[in-house]
Amino acid sequence: MVMSTDASRPVGSWTGGTCGNVLAILSYLGWDAYPIARLNGDAASSRVKADLQGWGVHLDYAECAPTCATPIVIQEIRRGNDGVPKHRFSWSCPRCGRWLPGFKPVTARCVESVVKGMKVPRVFFMDRLSRSSLSLAAAAAERGAVVVFEPSSKSDKRLLTEVLQLAHIVKYSDQRLAGLDEFVGSSGSVLLEIQTLGSDGLRFRSQLPKAPVPEWEHLSALAAPVLVDTCGAGDWCTAGIVSKIAVEGSDGLKRVSGSQLHHALRFGQALASWNCGFEGARGGMYQLTAAVFEREVTRILGGDAEPSVRHAGVPKQAAADAVACPGCPQAADV
């Protein structure tokens, strides 16, 4: 749920979360994306499914049993004293104050059914660690998938150490982790490590066979044509990188050259920059055509920071369906 800087605008609602955003963006970029979730048919899940289906995301595994309430997060956008937009997240209803439904991992029973239907995945993405997500990642890796891990919160050290024996690409913010050295041993599988630095860009190091970068290499950020909201920029960056170097699974990843890696990282940064021109983590998807999107990203990559179209604040579909707080006595819209 997104609360705009303009208080007169209705609260917007979209599928969100790092994993939800990355999958929706990859589908937008032409991939077949399959979320694995426990949606239970509540109002929020209906909104999630309608949103994802609108972008061609496949929902074969979106209602794994046992189902549960759909997680809801509030994003509030405000401008600081310097006029720069900032956002903060809340996990409680702004009206009744009760906690909103939170994340619950899929169960072992769900893992079995998903693995049975798993064909030849190119990528397995996860941002939450659990025994089930690690089992799914291992099964996908055995079938040739690139395992991409982006920690969204502090994780159990044991599980974090374990996932780094499976993941091929790990991307994280410098605000979450200082590095992976204390967790990765000589047998770690991480081939590409990316640390984002906010407005300072990112740095990366690589053990890819054809693109080795043993020491940190820094890439400055690409200028944003318009700065409206930075939420979701990291998700666009991830999807952009994955879309360029993971098309052929783990075998293809190992054939990526230095120039291909550099292009993928810059493409991800260009998508992140473009996304900053819209409210919400994927606001631009609802406002511009794919042709305009591609044209603007190309201009950003070319160093042109001027937007080619006027960017409105809130996507017209933002409040298409109100989502009620399940804790409010009157089930009021949050």
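These numbers were taken from a predicted model, which means no experiment stands behind them.

With that settled, consider a nonpolar patch on the surface. On the surface, Val 73, Phe 89, Trp 91 and Trp 99 cluster together into a nonpolar patch covering about 470 Å² of accessible area. Of note, Phe 89 is situated in strand S3 (residues 85-90).

What follows is about the environment of Pro 151. Here Pro 151 is to be found in the loop between strand S5 (146-149) and helix H5 (157-163). Judged by relative accessible area, which is 6%, Pro 151 ranks as buried. A sequence separation of 13 residues divides Pro 151 from Leu 164, and the C-alpha atoms of the two residues are 11 Å apart.

Judged by nonpolar contacts, the single largest core of 49 residues is most densely connected at Phe 204, Ile 245 and Leu 261. Sorting elements by how many residues they give to this core places helix H8 (residues 258-275) first, with eight residues. Residues within four places of Phe 204 in sequence aside, it is in contact with Leu 192, Glu 193, Ile 194, Val 213, Glu 215, Trp 216, Glu 217, Leu 219, Leu 261 and Leu 265. By size, the runner-up hydrophobic cluster in this structure holds 28 residues, among which are Cys 64, Leu 129, Ala 139 and Ala 167.

Turning next to empty space enclosed by the protein. This structure, assessed with the given rule, holds one cavity of 30 Å³ or more. Estimates place the volume of the largest cavity at around 40 Å³. What lines the largest cavity is simply Val 148, Ile 169, Lys 171, Ile 194, Thr 238, Ile 241 and Val 242. Considered class by class, the residues forming the lining of the largest cavity number five nonpolar, one polar and one charged.

Let us look at the packing of helix H1 (residues 18-28) against helix H6 (residues 233-245). The interhelical angle for the contact between H1 and H6, taken along N-to-C directions, is 45°, at an axis separation of 9 Å. Comparing their axes, H6 and H1 come out oblique. With respect to the hand of their crossing, H1 and H6 are arranged in right-handed fashion. Residues Thr 18, Asn 21, Val 22, Ile 25, Leu 26 and Tyr 28 of H1 touch H6, and the partners they reach there are Asp 235, Trp 236, Thr 238, Ala 239, Val 242 and Ser 243. A class-by-class count of the residues in the contact of H1 with H6 yields seven nonpolar, four polar and one charged.

On to the environment of Met 285, then. Counting through the fold element by element, Met 285 comes out in helix H9 (residues 283-287). In this structure, the C-alpha to C-alpha distance between Met 285 and Trp 55, residues 230 residues apart in sequence, is 9.2 Å. Excluding residues within four positions of it along the chain, Met 285 makes contact with Ala 24, Ile 25, Tyr 28, Trp 55, Trp 236 and Trp 274.

Before going further, it helps to spend a moment on the sheet that holds S3. Read from one edge of the open sheet, three strands run S1-S2-S3, paired in mixed fashion. Looking at strand neighbours, the two that pair on one side only are strand S1 (2-3) and S3, the edges of this open sheet. As paired strands, strand S2 (residues 74-79) and S3 are joined by six bridges and run antiparallel to one another. Bridging from a neighbouring strand, Arg 78 pairs with Lys 86 of S3.

Conventions used here
- Residues numbered from 1 in each chain as written.
- Predicted model: local features only at pLDDT ≥ 70, side-chain atom pairs only at ≥ 80, totals over all residues.
- Heavy atoms only, no water.
- Patch = residues over 30% accessible without salt bridge, like charges linked within 9 Å, V, L, I, M, F, W, Y side chains within 5 Å.
- Areas by Shrake-Rupley, 256 points an atom, 1.4 Å probe, with all protein chains shown as cover.
- Salt bridge = Lys/Arg side-chain N within 4 Å of Asp/Glu carboxyl O.
- Helix = DSSP H or I, 4+ residues; strand = E, 2+ residues; numbered from the N terminus.
- Buried < 20%, exposed > 50% of the residue type's maximum accessible area, 1.4 Å probe, protein only.
- Core = buried A, V, L, I, M, F, W, Y, C linked by side-chain atoms within 4.5 Å.
- Contact = heavy atoms within 4.5 Å.
- 1 Å grid on protein atoms, 1.4 Å probe; cavity = no way out; pocket = protein on both sides within 12 Å on 5 of 7 lines; lining within 4 Å.
- Points joined across faces, edges and corners; volume = space filled by probe spheres on them.
- Nonpolar A, V, L, I, M, F, W, Y, C, P; charged D, E, K, R; others polar.
- Axes fitted to C-alpha atoms, helices over the stretch in contact; angles between N-to-C directions.
- Parallel < 35°, antiparallel > 145°, perpendicular 65-115°, else oblique.
- Left-handed = near helix turned anticlockwise from the far one by under 90°.
- Pairing = 2+ DSSP bridges.

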